[in-house]
Each structure stands twice: as C-alpha cells, then as structure tokens.
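Reading the structure
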Amino acid sequence: MRAPDPDLLRTFVTIVDSGSFTAAARRVRRTQSAVSMQMRRLEADVGARLFERSGRAMKLTPAGEVLVDRARRILRLYEQALNALDSAAVTGEISVGVPDDYAMTFLPEILRRIVGAFPAVHLTILCEPSRRLAARIAEGSLDIALLTEGEGSAGGVVVHHEELVWVTAAHAQVHEQDPVPIAVFHSGDVFRRYAIQQLEETGRRARVIVTSPTFAGIRAAVDAGIAVAPIFRRNVRAGMRMLTVEEGYPHLPSLGIVLQRADREPRELIDRLANHVIDSARELSETGALST
C-alpha cells in the first residue's frame, strides 16, 4: 500500500459528494475517463476496490466506506497545511449567503475559520431566505450559500444535519388551541410543509397566522405567545419552550444544511473557500460544536 496522492483523494471525495463519476468529472474539470483512471490508480495504491455497481448506480464498497472519512481528514489537514503556507497571499472578494436563522448559530464559527485561514479575503455576507439565495447562486450574483435542504434547486453538498422542533412561549397556552396557530417562513418553505403535514397526520389542524421571511419575525410571534413555530433546535432561545409528543406535537425530521457554489470567476477562490467551509462545518459537526 502506498500513500495516496491528494488529487486522487480529492476526486474520490468529489465522486462520493456529487453522487456519480459524471458529476464529479464536471466538478474537477476532467473527462469521465480521466476520473475513472484516477480511481483505478487510487484502488491500486490502497490495494482494495472502492466502488461497486448497484444497478445503474455506483456505491461504495466496505473499503470505500472506511476510506472516505479518512480521506476527508487527510484533505482537511492537507488544505490546512497549504493555507498556513500561502493564506496571506490569497486575496479577493467573496459573497456568502445564509438564511438569517443560520447567522446566529452556524455562521460565526465558520466565519472565524474563514478569516483565520484567508485573512486577506474580503467577505460580503447576505442574509436572505434559502430560495432567494439559491436563485442568486443560479444567476451568478452570489458566490457561496448555505441553504436548507429541500429549498431551491437540487445539488450542493450536505455539511450538517439539524433537528426541527416545535416551540411556543414558555408560559403560553396557545399550543392547546384548535386549529393550531402557527408562525412559519414564506409560502412553500420546507418548515411550513413539514409542520402542516405532521399535524394533519395526528388529526390536528393548522392555521397559519404569521408568515415571515426572517427568523426575527418568527421569534417575535413566538415570544408574543400568539403562535407555535417549527424551528431548528439550535435556535431555541430563553423564553421559548419545546413542545412534546405527549402534548400532541409529533417529532419533526432533521434537515440538511447544504452548501452551493456559483460556477463563475474567480472559480479557484470560490472553490477554495467553499471547500474550506465544507471541511470546517463537517469538522465542527463531528466534534459536536454544531450540536445543541
């Protein structure tokens, strides 16, 4: 067994993240045959098959499952080493978009790490709903965005999963009303869909009384004691109370936090910062720093 080339590991991880050799080839800007050749070289280096065909799809072998987590760590350390050597020389401007409910929880530590790794890069932060951010990524007016899974276009890399919970004001009884008055984000929002669906499956009705594009509006409705709201667990604040199954509020699913990047110049800088955000978010998630 030989120590694998970082380029081979990077292509391997890109295949896993993008879901196919074809998509990975576009991402790493190589032909599909070149990507396949890289994987044959990597399999020769590690002495094991990494992929096997399952119908029309490719899936990881047990050896591939073992390697992928290690590969991420190796690439993370490799990137950190490179950044330590030349981060001061990396310059440019990057726009980063996040929904405002991320800005108070996920974003600060990510920003600290970006600035620590790329001190000469200027960041522009845009807080908007996921759908608007996804549209900006598609049109090329935004470089990087962290979005809620299920919002906007498909694609991107899931960097973290976060639990949804029901909340109300700590001393309010509004959750006992029928239909349940709820505060949700804009029409079509995934939080809204899950909330109404889960209540209906338990035989309860929901009545949307507050719609807001921002978490500040949702929080105000909850704090006022006029509504119940589905929010990320990390966003539960003092004065809020999480509602339980025993109170008639079923478990809500966990949602992925997805990173999307624009396919435009400065491509190298966008890719470097995007990969740094992906690695940082996953490291924070693995260590529990992004857990409640």
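What counts and how
Residues numbered from 1 in each chain as written. Predicted model: local features only at pLDDT ≥ 70, side-chain atom pairs only at ≥ 80, totals over all residues. Heavy atoms only, no water. Helix = DSSP H or I, 4+ residues; strand = E, 2+ residues; numbered from the N terminus. Buried < 20%, exposed > 50% of the residue type's maximum accessible area, 1.4 Å probe, protein only. Core = buried A, V, L, I, M, F, W, Y, C linked by side-chain atoms within 4.5 Å. 1 Å grid on protein atoms, 1.4 Å probe; cavity = no way out; pocket = protein on both sides within 12 Å on 5 of 7 lines; lining within 4 Å. Points joined across faces, edges and corners; volume = space filled by probe spheres on them. Axes fitted to C-alpha atoms, helices over the stretch in contact; angles between N-to-C directions. Parallel < 35°, antiparallel > 145°, perpendicular 65-115°, else oblique. Left-handed = near helix turned anticlockwise from the far one by under 90°. Contact = heavy atoms within 4.5 Å. Nonpolar A, V, L, I, M, F, W, Y, C, P; charged D, E, K, R; others polar. Salt bridge = Lys/Arg side-chain N within 4 Å of Asp/Glu carboxyl O.

Moving on, we get to unusual backbone geometry. Cis geometry marks the peptide bond from Asp 178 to Pro 179; its omega dihedral reads 0°. Relative to the elements of secondary structure, Pro 179 occurs in the loop between strand 6 (157-169) and strand 7 (180-184). With a phi angle near 60°, Arg 29 is a residue other than glycine that sits in the positive phi range. Tracing the backbone shows Arg 29 in the loop between helix 2 (21-28) and helix 3 (32-46). We classify Arg 29 as exposed; its relative accessible area is 58%.

On to the nonpolar core. Formed by 58 residues in total, the largest nonpolar core has its most connected members in Ile 94 and Leu 273. Per-element accounting of this core gives the leading share, eight residues, to helix 10 (residues 267-287).

On to the layout of surface pockets. Over the atoms rolls a probe the size of a water molecule, and its path tells where empty space is left. Here the largest pocket is characterised by a volume of approximately 1,200 Å³. In terms of lining, the largest pocket is formed by 40 residues, of which the most central are Thr 14, Arg 27, Arg 261, Asp 271 and Asn 275. Broken down by secondary-structure element, the contributors of at least two residues to the lining of the largest pocket are helix 1 (6-18), helix 2, helix 4 (62-86), helix 7 (130-139), strand 11 (254-261) and helix 10. Considering every element that reaches the lining of the largest pocket, the biggest residue donor is helix 10, with eight residues.

Before going further, it helps to spend a moment on the packing of helix 1 against helix 2. How two helices pack is summed up by the angle between their axes together with the distance between the axes. As a packed pair, helix 1 and helix 2 sit with axes 8 Å apart at the nearest point and diverge in direction by 125°. Regarding the angle of helix 1 to helix 2, the classification is oblique. Note on packing geometry: the crossing formed by helix 1 with helix 2 is right-handed. Contact residues: Thr 11, Thr 14, Ile 15 and Ser 18 in helix 1; Phe 21, Ala 23, Ala 24, Arg 27 and Val 28 in helix 2. Among the residues forming the contact of helix 1 with helix 2, the class breakdown is five nonpolar, three polar and one charged.

Close approach of charged atoms lets side chains of opposite charge pair. Tallied over the full model, the rule gives 13 salt bridges. Of the charged contacts in the structure, one is a salt bridge between Arg 29 and Asp 263, with a shortest N-O distance of 3.8 Å. One end of the pair, Arg 29, is in the loop between helix 2 and helix 3; the other, Asp 263, is in the loop between strand 11 and helix 10, with 234 residues separating them in the sequence. Residues Glu 247 and Arg 241 are paired through a salt bridge, measuring 2.9 Å at the closest nitrogen-oxygen approach. Residue classification places Glu 247 among the partly exposed residues on the basis of a relative accessible area of 28%. Linked by salt bridges that have partners in common, Asp 17, Arg 72 and Arg 282 make up one network.

Distances and angles like these do not, on their own, reveal function.
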